[in-house]
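Residue-level structural notes
One-letter residues, chain by chain:
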Amino acid sequence: MNRSRSDTLFDQARRSMPGGVNSPVRNFGRVGGSPVFMDRGAGSRVYDVDGNEYIDYLGSWGPLILGHGHPAVVEALKKACERGTSFGTPTEAEIRLAELVRTAFPSIDLIRMVNSGTEATMSALRVARGYTGRDLAVKFEAGYHGHGDSFLIQAGSGAATFGIPDSPGVPADLAKMTINLPYNDSAAVRRTLAERGDDVACVIIEPVAGNMGMIPPAEGFLETIREETEKRGIILIFDEVITGFRIAFGGAQERFGIQADMTCLGKIIGGGLPVGAYGGRREIMETVAPAGEVYQAGTLSGNPLAMTAGYETVRQLQEPGVYDRLESLAARLGDGLRAAAAEAGVPAYLTRVGSMMCTFFTDQTVDDFDAASTSDADTYGRYFWNMLDRGVYLAPSRLETGFVSLAHTEEDIDRTLEAARESMKCLCV
Ligand SMILES: *Cc1c(COP(=O)(O)O)cnc(C)c1O
């Protein structure tokens, strides 16, 4: 495939932007080579600036559950655009989306719209601290909650009590207020909350880990967290920025039958425009300004275009059979990829929850971050480029989630599997 115009644009981009991109993983640093610049998308396909066509499993990192350019979304956006792009006043569009989200998430009495998932988690943390009067936050290793200072934290060495900054610029004193525990380790949750629980404001978790590859919660893990937080008055925050409307209409809370105290949303609820939201039980959310005193605001929050794209997207997901359709397409892909790896004799472990999946190139069972880390980076890099050259666009990093959309067809999946069979044959160095 010729990608010379992408290469030229990348050279140009690097003159104006750090690393040539506006978000790190986009620059292909994790797979080598230079990034593909996209020109347009339609349904399950994306087209780059050199005119190459790809079946897309990135889905803009999760939002595009309907695929690219769904006609209902595009039409509604055009109309909204003509009425005005922003007012800085309340609009009816905000109510429409808020009510729709509340029908999906019974644990959300009140919701605040923001502009990104990062903003949602940062704000939820502030609210949890304000409501409980406690400072500590518990998160899980390699759980991603956006780039807020309090979440860019690694486990400290030795006893997993105090966190250490994961990035220059995060103050060590702030990092100490975040405790990092291993994902899927119920014993660590019990032990830590027994010791420090009285000082813990919240436990925040991706109920299905989607940013260390994709790892489902172990049997009983979420239940343990729910029990241990409830008995200590700790706010349980489900970061459903990926899983919300993805693994069920009501997200992980519906799928696993567990209610969080607060929920963070993003991605799908923006339908491809910049959106985040956080919400939860009435008494907690009533601490948010102007109802209460925990301050949080936004010039473009509840933006009419973003609300419109989100509302039209989520509305499509209310159609009967939508999640069964996603399940059957994704199962076809997941089962096929597993078979392709076995056929090629490539050590691989495939995880899948609904339309979220990940192929780890390892001979281990992947149920935590340590195991995920054994996925071989060079093998993934070769697989990524082999697939790209065969017209399949995967995430340009080995520890990411692949997304199937409602725009994918059985033919798309079968073409992808053919590409995977060929790609896996030539993974050895
Ligand atoms: C993407 C993501 C975020 C951050 O959302 P942005 O809109 O990129 O700021 C937060 N949490 C999870 C689980 C995510 O996947």
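Below you will find a few notes about this structure. What you see is a predicted model; the values in this text were computed from it and never measured.

Here the focus is the site of the ligand. The ligand sits among Ser116, Gly117, Thr118, Tyr144, His145, Gly146, Glu206, Asn211, Asp239, Val241, Ile242 and Lys267. Within the backbone of Tyr144, a nitrogen or oxygen atom sits 3.3 Å from a nitrogen atom of the ligand. Within the side chain of Lys267, a nitrogen or oxygen atom sits 2.6 Å from an oxygen atom of the ligand. For the ligand, the accessible surface in isolation is 380 Å², of which the surrounding protein chains cover 83%. Along the lines of polarity and charge, the residues of the shell around the ligand split into three nonpolar, six polar and three charged.

In this section: empty space enclosed by the protein. Going through the model one piece at a time under the given rule, you end up with three cavities of 30 Å³ or more. Volume-wise, the largest cavity comes out at about 230 Å³. In this structure, the largest cavity is lined by 19 residues; those nearest its centre are Met357, Cys358, Thr359, Leu394 and Gly402. Contributing elements (two or more residues each) for the lining of the largest cavity: α11 (322–344), β14 (356–360), α13 (377–389) and β16 (402–403). A per-class count over the lining of the largest cavity returns 13 nonpolar, five polar and one charged. In this structure, the second largest cavity occupies an estimated 60 Å³ of space.

The next subject is the pattern of salt bridges. Evaluated as defined, the whole model comprises 18 salt bridges. Arg14 is the salt-bridge partner of Asp11, the closest N and O atoms lying 2.7 Å from each other. Here Arg14 and Asp11 lie together in helix α1 (residues 4–16), a separation of three residues that amounts to about one turn. Residues joined in a network through salt bridges with shared partners are Arg226, Asp261, Arg281 and Glu283.

One broad trend across soluble globular proteins is that nonpolar side chains are buried collectively. Phe140, Tyr183, Val203, Ile205, Ile215, Phe221 and Ile225 are the most contacted members of the largest nonpolar core, which has 37 residues in total. Setting aside residues no more than four positions away along its own chain, Val203 makes contact with Val138, Phe140, Leu193, Ile225, Thr229, Ile234, Ile235, Leu236 and Ile237. Within the second largest apolar cluster, 34 residues are counted, among which are Leu58, Leu394, Ala395 and Ile413.

Here we come to the layout of surface pockets. Computed from the structure, the second largest pocket encloses a volume of approximately 530 Å³. Forming the walls of the second largest pocket are 25 residues, and the residues nearest its centre are Glu94, Arg112, Met113, Ser301 and Gly302. Mapped onto the lining of the second largest pocket, the elements with two or more residues apiece are α3 (92–104) and β4 (110–114). With four residues, α3 is the single largest residue contributor to the lining of the second largest pocket.

What follows is about the sheet that holds strand β15 (residues 392–393). Ordered in space as β1-β2-β3-β15, the four strands form an open sheet in which the pairing is mixed. Because the sheet does not close on itself, it has two edges, and the strands there are β1 (38–42) and β15. Bridging between β1 and strand β2 (residues 45–48) involves four bridges; their strand directions are antiparallel. Paired with Gly41 across the bridge in β2 is Val46. Lying on the sheet, helix α14 (residues 410–425) is in contact with β2, β3 (53–56) and β15; it crosses β3 at an angle near 105°.

Taking 1.5 Å of rise per residue, 16 residues should cover 22 Å, and α14 covers 23 Å from first to last C-alpha, within 8% of that figure. Every buried residue of α14 is accounted for by Asp412, Ile413, Thr416, Leu417, Ala419, Ala420, Ser423 and Met424. Around the axis of α14, the buried residues are gathered within 165° of arc, so they sit on the same side. Set apart from the buried face of α14 by more than 90 degrees, the exposed residues are Glu411 and Lys425. Buried residues belonging to α14 abut β2, β3, α11, α13 and β15.

Within a pair of aromatic rings, the relevant descriptors are the distance that separates the centres and the angle that separates the planes. Following the criterion strictly, the structure yields twelve aromatic pairs and no others. A connected cluster of aromatic rings, assembled from ring pairs, spans Phe28, Tyr54, Phe384, Trp385 and Tyr393. Over the face of the ring belonging to Tyr47 we find Arg40, whose NZ or CZ atom lies 4.1 Å from the ring centre. One residue, Arg96, lies across the ring of Tyr311, its end atom 5.5 Å from the ring centre.

The next thing to look at is the side chain of Thr243. Tracing the chain through its elements places Thr243 in the loop between β10 (235–239) and α8 (251–256). With a relative accessible area of 1%, Thr243 lands in the buried category. Those residues in contact with Thr243 that lie beyond four places of it in its chain are Pro207, Val208, Ala248, Gly251, Ala252 and Met356.

Attention now goes to the sheet that holds β4. In space, the seven strands of this open sheet follow the order β4-β12-β11-β10-β9-β5-β8, with mixed pairing throughout. Two strands lie at the open edges of the sheet, namely β4 and β8 (178–181), each paired on one side alone. Geometrically, the sheet is characterised by an average inter-axis angle of 20° between neighbouring strands, direction not taken into account. Both β10 and strand β11 (residues 262–266) contribute to a ladder of three bridges, which runs parallel. From the neighbouring strand, Phe238 faces β11, where its bridge partner is Thr263.

Attention now goes to the packing of α11 against α14. Contact geometry for α11 and α14: axes closest at 9 Å, N-to-C directions at 20°. On the basis of their axis angle, the class for α11 and α14 is roughly parallel. The two elements α11 and α14 cross, and the hand of that crossing is right-handed. Here Arg325, Leu329, Arg332, Leu333, Gly336, Leu337, Ala340, Ala341, Glu343 and Ala344 of α11 come into contact with α14, specifically with Glu410, Ile413, Asp414, Thr416, Leu417, Ala420, Arg421, Met424 and Lys425. By residue class, the composition of the contact of α11 with α14 is ten nonpolar, two polar and seven charged.

Scoring rules and cut-offs
- Residues numbered from 1 in each chain as written.
- Predicted model: local features only at pLDDT ≥ 70, side-chain atom pairs only at ≥ 80, totals over all residues.
- Heavy atoms only, no water.
- Near = heavy atom within 4 Å.
- Polar contact = N/O pair within 3.5 Å; in protein donor to acceptor, adjacent residues only side chain to side chain.
- Areas by Shrake-Rupley, 256 points an atom, 1.4 Å probe, with all protein chains shown as cover.
- Nonpolar A, V, L, I, M, F, W, Y, C, P; charged D, E, K, R; others polar.
- 1 Å grid on protein atoms, 1.4 Å probe; cavity = no way out; pocket = protein on both sides within 12 Å on 5 of 7 lines; lining within 4 Å.
- Points joined across faces, edges and corners; volume = space filled by probe spheres on them.
- Helix = DSSP H or I, 4+ residues; strand = E, 2+ residues; numbered from the N terminus.
- Salt bridge = Lys/Arg side-chain N within 4 Å of Asp/Glu carboxyl O.
- Core = buried A, V, L, I, M, F, W, Y, C linked by side-chain atoms within 4.5 Å.
- Buried < 20%, exposed > 50% of the residue type's maximum accessible area, 1.4 Å probe, protein only.
- Contact = heavy atoms within 4.5 Å.
- Pairing = 2+ DSSP bridges.
- Axes fitted to C-alpha atoms, helices over the stretch in contact; angles between N-to-C directions.
- Expected span 1.5 Å × (residues − 1).
- Arc of directions from axis to C-beta.
- Phe/Tyr/Trp six-rings, centres within 6.5 Å; stacked < 30°, edge-to-face > 60°.
- Lys NZ or Arg CZ within 6 Å of the ring centre and 35° of its normal.
- Parallel < 35°, antiparallel > 145°, perpendicular 65-115°, else oblique.
- Left-handed = near helix turned anticlockwise from the far one by under 90°.

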